Amino acid sequence: MDLRTLRYFITVLEAGSLSRAAGSLYVAQPALTAQIKKLEAELGTQLFDRSHAGVTPTPAGMQLYEDARRLLSDAEAVRERIQRLPQGPEGSVTVAAPFLLASLLLGPVLAALKRSHPRIRVFVLDDLSLVVRKAMLDRRADVGILVDTPQVDGLRCAPLVRESIYICGQDTDGTVALLLRRPARRRGAGAEHPEIDFAQAAQLPLVLQSRRFSIRQNVEEAAASLGVALNVVHEHDSARVIRSLYQCGAGFTFPPACSLADSPHPNREGWVVARVVRPQLQRSYHLATAADRPVDAVTQVVIDALRQETTRMVREGIWRAELQA
């Protein structure tokens, strides 16, 4: 006895005729008759009285009718409950990321997760790199993207990517263009940005954030190693103010590679974007999770999405960086 046979039985009883039931079920009448006889044999009792006018249920048939309807209703409820169960991981994850990277990476990651895992909700904290690390240590975020921080007590850190730092700004009189040189073309690589020695970049009028910011710290360390002074003409903590200053031609700044796609004037005449070398300024990113608890399935999905999108961007040249194992 199976659910299909019970459905056949109910249809026959409600139709009052094997021929009418066969028509509504789109099965041959002999096949339907065989199914009813098989059911009667399994139960060891007659379910219908047959006549030239049709069929009428016996007392056993009426009892089975009531029980079968409940069974089919329960079976349908089971099916609906199973279908309502979450398909794949479900839950919430908070990601903390430095704001310069968030504008490049987090949009595509969130869009991909929406398509592949719609039951995962991702919240983003985008702020200064120091605030990102503090958010991880304070347990306000489940996953953090740390800048130049391969190890932190209390966190499990895994390398993600390393990128170069550039010099960017408006070359109003063409003097900076004379300092630039084209790098050797690498096989399989796209068009490369020109390069400029750090000592020459340091002499340009610079608009920089204060020393508590990681890029400024990198620049200060490079200047100290060469024994050169930085020509800082504007210093502000606000990234928006820095952006406004170098957009209007007030000076040059040091953006990381992840922010180049958001460059305000990539095709404007005299607009300079050059990779800083001798020494080459770089910064690295690490994915961080809490060291004292395992990564759950939902968080792992988000980590995988971050790595996959990073890999795609680097390989497609959207993000000029090097993947780190």
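Just so we're clear, the structure is a prediction, and the values are computed from it rather than from any experiment. Along each chain, residue indices are assigned from 1 in the same order as the chain's sequence is written. Restriction of local features to residues with pLDDT of at least 70 applies here, the model being predicted, together with a cutoff of 80 or more for giving and counting side-chain atom pairs; totals for whole chains, interfaces and linings are based on all residues. Note that water and hydrogens are dropped before the side-chain values are worked out from all heavy atoms of the structure.

1. Description of the overall build of the protein
By definition, any uninterrupted DSSP run of H or I lasting at least four residues is a helix, any uninterrupted run of E lasting at least two residues is a strand, and each is numbered from the N terminus. Along its length, the protein carries 10 helices and 13 strands. Only the C-alpha atoms count toward the radius of gyration. The rule for a globule is 2.2 Å times the residue count to the power 0.38. Relative to the 2.2 N^0.38 estimate, which gives 20 Å for 325 residues, the radius of gyration of the protein is 35 Å and therefore markedly larger than a compact globule would have. Per-residue burial over the protein gives 42% buried out of 325 residues. Here, residues are in contact when the closest pair of their heavy atoms is within 4.5 Å. Considering only intrachain contacts with a sequence separation of at least 6, the fraction spanning at least 24 residues in the protein is 74%. Here the Shrake-Rupley method, with its probe set to 1.4 Å, supplies the accessible areas, and only the displayed protein chains count as covering residues. Accessible area for the protein stands at about 17,400 Å²; split by element, carbon and sulfur atoms hold 51% of it. Counted charges follow a simple rule, with Lys and Arg positive, Asp and Glu negative, and His plus the chain ends left uncounted. For the purpose of locating charges, the reference atoms are NZ of Lys, CZ of Arg, CG of Asp and CD of Glu. Across the protein, the 40 positively charged side chains and the 35 negatively charged ones have centroids separated by 3 Å. Here's how the labels work: a residue is buried when its accessible area is under 20% of the maximum for its type, exposed when over 50%, partly exposed in between, all with a 1.4 Å probe on protein chains only.

2. Quick look at the side chain of E163
Relative to the helices and strands, E163 resides in strand 6 (residues 155–164). The buried category is assigned to E163, whose relative accessible area is 1%. The term polar contact refers here to a pair of N or O atoms within 3.5 Å; inside protein, the definition further demands a hydrogen-donor-capable atom paired with an acceptor-capable atom, and it admits residues adjacent in sequence only when both atoms are side-chain atoms. Within the structure, the side chain of E163 is placed 2.4 Å from the side chain of Y285, a separation counted as a polar contact. Setting aside residues up to four positions removed in sequence, E163 forms contacts with P256, A257, C258, L281, Q282, R283, Y285, W319, R320 and A321.

3. Brief notes about the packing of helix 1 (residues 3–15) against helix 2 (residues 18–25)
Packing of helix 1 against helix 2 brings their axes to within 8 Å, and their N-to-C directions diverge by 125 degrees. What the angle tells us is that helix 1 and helix 2 run oblique. In the crossing of helix 1 with helix 2, the sense of the turn from one axis to the other is right-handed. Along the contact surface, helix 1 presents Y8, T11, V12 and A15, while helix 2 presents L18, R20, A21, S24 and L25. For this classification, the nonpolar set comprises Ala, Val, Leu, Ile, Met, Phe, Trp, Tyr, Cys and Pro, the charged set comprises Asp, Glu, Lys and Arg, and every other residue, Gly included, is treated as polar. Counted by class, the contact of helix 1 with helix 2 contains six nonpolar, two polar and one charged residues. Fitted lines through C-alpha atoms give the axes, limited to the stretch in contact for helices. The angle between two N-to-C directions lies from 0 to 180 degrees. Note on terminology: angles under 35 degrees are roughly parallel, angles over 145 are roughly antiparallel, angles of 65 to 115 are roughly perpendicular, and the others are oblique. By the definition used in this description, the sense in which the near helix is turned from the far one sets the handedness, with an anticlockwise turn below a right angle giving left-handed and a clockwise turn giving right-handed.

4. Here we look at the sheet that holds strand 7 (residues 166–170)
For two strands to be treated as a pair, DSSP must find at least two bridges joining them. An order of 7-11-8 is seen for the three strands of this open sheet, with the pairing classed as mixed. The sheet is open, and its two edges are formed by strand 7 and strand 8 (195–197), each paired on a single side. Neighbouring strand axes in the sheet, compared pairwise and without regard to direction, differ in orientation by 40 degrees on average. Pairing of strand 7 with strand 11 (residues 271–277), which is carried by five bridges, proceeds in the antiparallel orientation. Bridge pairing in strand 11 links C168 to V273.

5. So, the pattern of salt bridges
Criterion for a salt bridge: a side-chain nitrogen of Lys or Arg within 4 Å of a carboxyl oxygen of Asp or Glu. The full count for this structure, using the stated rule, is 17 salt bridges. The salt bridge involving E322 is made with R162; its shortest N-O contact spans 3.0 Å. Residue E322 is found in strand 13 (residues 321–323), and its partner R162 is found in strand 6; the two are separated by 160 residues along the sequence. For R162, a relative accessible area of 29% gives the class partly exposed. Here E220 ties to R211 by a salt bridge, and the two come within 3.4 Å at their closest N and O atoms. Residue E220 is classed as partly exposed on the basis of its relative accessible area of 21%. Here the residues in one salt-bridge network are R211, R216, E220 and E235, joined through shared partners.

6. Structural notes on unusual backbone geometry
Residue R278 is joined to P279 through a cis peptide bond whose omega torsion reads 0 degrees. Not every positive phi belongs to a glycine, and Y26 is a case in point at roughly 60 degrees. With relative accessibility at 77%, the residue Y26 sits in the exposed group. Positive phi outside glycine occurs at R278, with the angle close to 55 degrees. You can see R278 is positioned in the loop between strand 11 and strand 12 (282–290).

7. Regarding helix 5 (residues 99–116)
Under the convention used throughout, the expected extent of a helix is 1.5 Å for every residue step, that is, one less than its residue count. Spanning 18 residues, helix 5 covers 25 Å between terminal C-alpha atoms, matching the ideal 26 Å at 1.5 Å per step. Note on bend: at a given residue it equals the angle between the axes fitted to the 7 residues ending there and to the 7 starting there. Of all the bends in helix 5, the largest measures some 40 degrees and sits at L105, one to four residues before the proline P108. Listed as buried for helix 5 are L101, A102, L104, L105, L106, V109 and L113. Looking at the buried side of helix 5, the elements it contacts are strand 3 (91–98), strand 4 (120–127), strand 5 (143–147), strand 12 and helix 10 (297–315).

8. Some thoughts on the sheet that holds strand 12
The strand order 4-3-5-12-6-13 describes an open sheet built from six strands, whose pairing is mixed. Edge positions in the sheet fall to strand 4 and strand 13, since each has one partner strand and no second. Looking at each pair of strands side by side, their axes are set apart by 25 degrees on average, direction ignored. Sheet topology note: the strand 6/strand 12 ladder contains nine bridges and is antiparallel.

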